[in-house]
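This is what each chain is made of:
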Amino acid sequence: MIKKRYLLFLPTKQTVIPNIDLTMRNFFLIVLLLVQACVFAQAPSLQAVKDNIDKYSANYPQEKIYIQFDKPAYAAGETVWFKAYLLKGFENSDLSKNFYIDFTDTAGNILMHGVYPIQISSAAGNFDISSYYNGKNIHVHAYTKWMLNFDTAFLYDRDLRIIQKQTNSNTKIIVKPLTASIQFFPEGGDCIAGINTKIAFKAIYQSGRPANVKGIVVNSKGITVDTINCMHDGMGYFYLNAQSGETYTAKWKDDQKTSYTTVLPAIKNEGATFEIRPGKEKTGFIIKRSDNASEPDKQLHIVATMQQQMVYMASVKLDESPFIGGTIPTAQLPTGILQVTLFNANWMPVAERISFINNDDYHFDPEVGFAALGTSNRGRNVLVINTPDSIESNLSVSVTDAGLGVDSSDDIISRLLMTGDLRGRVFHPSYYFSNSSDSVARHLDLVLLTNGWRRFKWEEVIAGKTPVLKYPKDSTYLSFSGKVYGATPQQLREAGSIFTVMTGKGKDTSKHFVTIPLRDDGTFAKPDLIFFDTLKVYYQFGGKGGLDNSTEVTLSTGGIPSPRHIFIDKNNMGLSFFDTTGDYRNSIMASEEARLQELLKTATLKEVTVQAKTKSHLEILDEKYATGLFSGGDAAAQFDLLTDPTAANMRDVLTYLTGKVAGLTISNAGTPQVSLSWRGATPDLFMDEMNVSVDQVTSLNMSDVAYIKVMRPPFFGSAGGGSGGAIAIYTRKGGDVKSNTAGRGMPYKMVAGYTFARQFYSPNYGTFDPKNEQGDVRSTLYWNPVVLTTKENHIIKFQFYNNDVTDSFRVIVEGVSKDGKLTRVEKVIQ
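Here's a quick rundown of the structure. (Residues numbered from 1 in each chain as written. Predicted model: local features only at pLDDT ≥ 70, side-chain atom pairs only at ≥ 80, totals over all residues. Heavy atoms only, no water.)

**Some words on the sheet that holds strand E11 (residues 156-163)**
Stated precisely, the cut-off is as follows: At least two DSSP bridges between two strands are needed for those strands to be called paired. Runs of H or I in DSSP of at least four residues are treated as helices and runs of E of at least two as strands, each being numbered from the N terminus. Only C-alpha atoms enter the line fits that serve as axes; for helices the fit covers just the stretch in contact. Angles between N-to-C directions range over 0 to 180 degrees.
Spatially, the 5 strands line up as an open sheet ordered E4-E11-E10-E7-E8, and their pairing is mixed. Edge positions in the open sheet fall to strand E4 (73-75) and strand E8 (110-117), since each of these has one partner strand only. Recorded for the sheet is a direction-independent mean angle of 25° between the axes of neighbouring strands. Sheet topology note: the strand E10 (residues 137-143)/E11 ladder contains 6 bridges and is antiparallel. Within E11, the residue paired with Asn137 across the bridge is Arg161.

**Description of the pattern of salt bridges**
Between side chains of opposite charge, a pair can form when the charged atoms approach closely. Where we set the bar: Salt bridge, as used here, is a side-chain nitrogen of Lys or Arg placed within 4 Å of a carboxyl oxygen of Asp or Glu. Burial classes follow relative accessibility: with a 1.4 Å probe on protein chains only, a residue under 20% of its type's maximum area counts as buried, one over 50% as exposed, and anything between as partly exposed.
For the structure on display, the rule yields 24 salt bridges. A salt bridge links Arg810 to Glu826; the nearest nitrogen and oxygen atoms lie 2.8 Å apart. Of the two residues, Arg810 is situated in strand E47 (residues 809-817) and Glu826 in strand E48 (residues 822-829); the sequence distance between them amounts to 16 residues. In this structure, the salt-bridge partner of Arg824 is Glu814, at a minimum N-O distance of 2.9 Å. With Arg824 in strand E48 and Glu814 in strand E47, this pair connects stretches of sequence that are 10 residues apart. Overall, Arg824 belongs to the partly exposed group, its relative accessible area being 26%. Taking relative accessible area as the criterion, Glu814 reaches 0% and is therefore assigned buried.

**Some remarks on helix H3 (residues 438-449)**
For an α-helix the count is 3.6 residues per turn, leaving residues at separations of three or four pointing the same way. Just so we agree on the cut-off: For a helix, the expected span equals 1.5 Å multiplied by the residue count minus one. Should any heavy atoms of two residues lie within 4.5 Å, those residues are counted as being in contact.
Its 12 residues place the ends of H3 17 Å apart at the C-alpha level, agreeing with the 16 Å of an ideal helix rising 1.5 Å per residue. Buried residues of H3: Val440, His443, Leu444, Asp445, Leu446, Val447, Leu448 and Leu449, and no others. Along its buried surface, H3 packs onto strand E12 (180-186), strand E14 (196-205), strand E17 (235-241), strand E26 (336-343) and strand E27 (349-357).

**Things to note about the side chain of His794**
Our working rule: Pairing of N or O atoms within 3.5 Å defines a polar contact, subject to two protein rules: one partner must be a possible hydrogen donor and the other a possible acceptor, and residues neighboring in sequence count only if both atoms are side-chain atoms.
On the secondary structure map, His794 appears in the loop between strand E45 (780-789) and strand E46 (795-801). Polar contacts involving the side chain of His794 include one to the side chain of Asn386, which spans 2.9 Å. Setting aside residues no more than four positions away along its own chain, His794 makes contact with Ile385, Asn386, Thr387, Pro388, Asp389 and Thr789.

**Here's the deal with the pairing of strand E5 (residues 79-88)**
E5 sits mainly inside the fold: 10 of its 10 residues count as buried. Across the two faces of E5 the burial is the same, with Thr79, Trp81, Lys83, Tyr85 and Leu87 and Val80, Phe82, Ala84, Leu86 and Lys88 all buried. Direction of pairing for E5 relative to strand E9 (residues 122-128): antiparallel, over a ladder of 7 bridges. Bridge pairing in E9 links Ala84 to Ala123. Two strands pair when backbone bridges link them, and E5 and strand E6 (residues 91-92) are joined in this way by 2 bridges, in the antiparallel orientation. Bridged to Lys88 within E6 is Glu91. Joining the antiparallel neighbours E5 and E6 is a turn of 2 residues, in which Gly89 adopts a positive phi near 65°.

**Notes on helix H7 (residues 617-625)**
Where we set the bar: In this context, the arc is that of the directions from the helix axis out to the C-beta atoms.
Turning to H7, its buried residues are Leu621, Asp622 and Tyr625. Burial along H7 is one-sided: seen end-on, the buried residues are contained in an arc of 100°. Those residues of H7 hidden inside the fold are in contact with strand E37 (637-640), strand E42 (705-711) and strand E43 (726-731).

Below, the structure written as structure tokens:
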């Protein structure tokens, strides 16, 4: 572990103050307070403000998330594989133990709510896209409990592109004209009369893509005062020496020659401005005030922070001179965003600017190559990753068909060093880390001039106020707990404990016998019991407290339930620069793979010799619950909620059905505005074969639902013929009632644990397997979310086989080292 010490110079006699411990990437930071002129004696409030910032930094650190996906786009019916990385400032995060991820449709309706344990500051899982999904995107929303205490703009949000099936339709596509817009950003925040101010701008189309614009800026008399010319991706700047009482207007055209007129931000008659001059080893600044500035604006404070850690602080006087310059030493600071705020004498923020410090210390570079290369049909490959022997790392590896193209919406470096700390959209963010040239650095500074930060609420920090936390630090894994209701303290003491028999679902049906003490308030917990999928828990009370099977008991894991709906803020997401040349290949490969899987199922069925017709579980369930016109028949879809572990995580029935039934459209599920349609008509809703309203369905507890049957239109069990089909919902009865006794008279309940994560299947063509006789058009050839290297074991080898059609691979390796350094390696192998 390397520790660096920064010298701290206070304004009072430039005295070094030792032993100030600020943790930033395992550094003992000591704040630099250097200014090149007019430093006046330290006011008592300086130390108080510093203490408040230190307190906020220590008690309210911020987490950031990056997710690597196995490939850039998907088709309906495919599986999304992902690996999430979590950082706290510049370090691997140790704050949270549980990772939450929601997959939604384009309207924000929940398709899956997943929760995964965080191990080594990361989590991995998968999501199966419904074969009936017809949206253009699937939205991904990821977070931890701790992150929900703060600004939601800094949660993880991203769209995954869904490739539409290729058709031979001759339908004429109508291309709507694009509309552009432009925003202006005076450096520091305000344009002050009498001060020559840099005005940055960003022009985009409504899709979010940059607009290449040109124009002029005129005053109220129509006189041109400057020109507008883009420097990079719709961004640029000009200088404006604004006059008091004047208004300024931009007259500009986009690259489609459409004309626009936009009024510039209002001019302030007095105040101070702050200009940043990024440099290699130091960042220069210039402070200017207006001639008529008030007394508080003549005595100013400068505070610079990185990831909420203070790295610079100074006070300056501008009572005699209207401007002053200085530098912030940055050579020893870690790479990342530097936030510099200017306060007046009353500690009110008057200007703010963010700048990027790139000291090229943020990455490590593993060697990635092949010990054996087989680009022929089903060729054998051995991929080798060699990390420096001084580094311990946590990596993930994806190998895909190179013809699928790329997605530049973000990568691990651009997300964790830049876009994860910014508000607003950034187009093609990975470009800004493509090389270290001066031109790229200038373009990156344009991004920071035109995007916001605002991690701090300065008024509260200065006053020493702390955030109100809704969620404590999530420092424990999901575990088994519960509460007994309706029991007196004496009954609880006499019972003493609750005896449980726990059984898993699926392959693990083993029984675990656990006795858990009861607390005086009726709660009980087994914090060391961590489980996946769904647990069936039988229980009974000990002692002679009079508690029996009728006593109400609730079980929980402490996790966050699935939200009803996700609001998708398109203005706060990175915008992808898609290589759409791979769309056709992606779609064809996905369609062929789906066809081959269907053939495999058919072939498997033909090989089975049927001795006697056995009813399926769904047929048995239908006979048990459905009657009359609701029974039998050719249903569009049937769902057994008694054995579906995902059902417990859904808000309501309509959220559960979203995207699962071909032809059935459910919009705004989980909200009061929910609507249903099928072939242009509204499906009828039935609960236990009684016609009910949408409100009655959405208010039904999912734990009470046993079976759902969806009937295609027309459904003659509905009044009027059911032109919109019908959805029949059946509540639990008999032995299916959750609180009913089962097994030796003990009541039981179901409780959902962590989302089960499958292992990626990679065929082994070096061995005999009947599956190997089928065709192979996998677009993701290899996916490994857990690759750990150590000093002793830093060379890792993986074997995988090619498919039948791929002749070139795209290999992407991403990850984080133990000390928070990042890596991304992308190679195309032919």
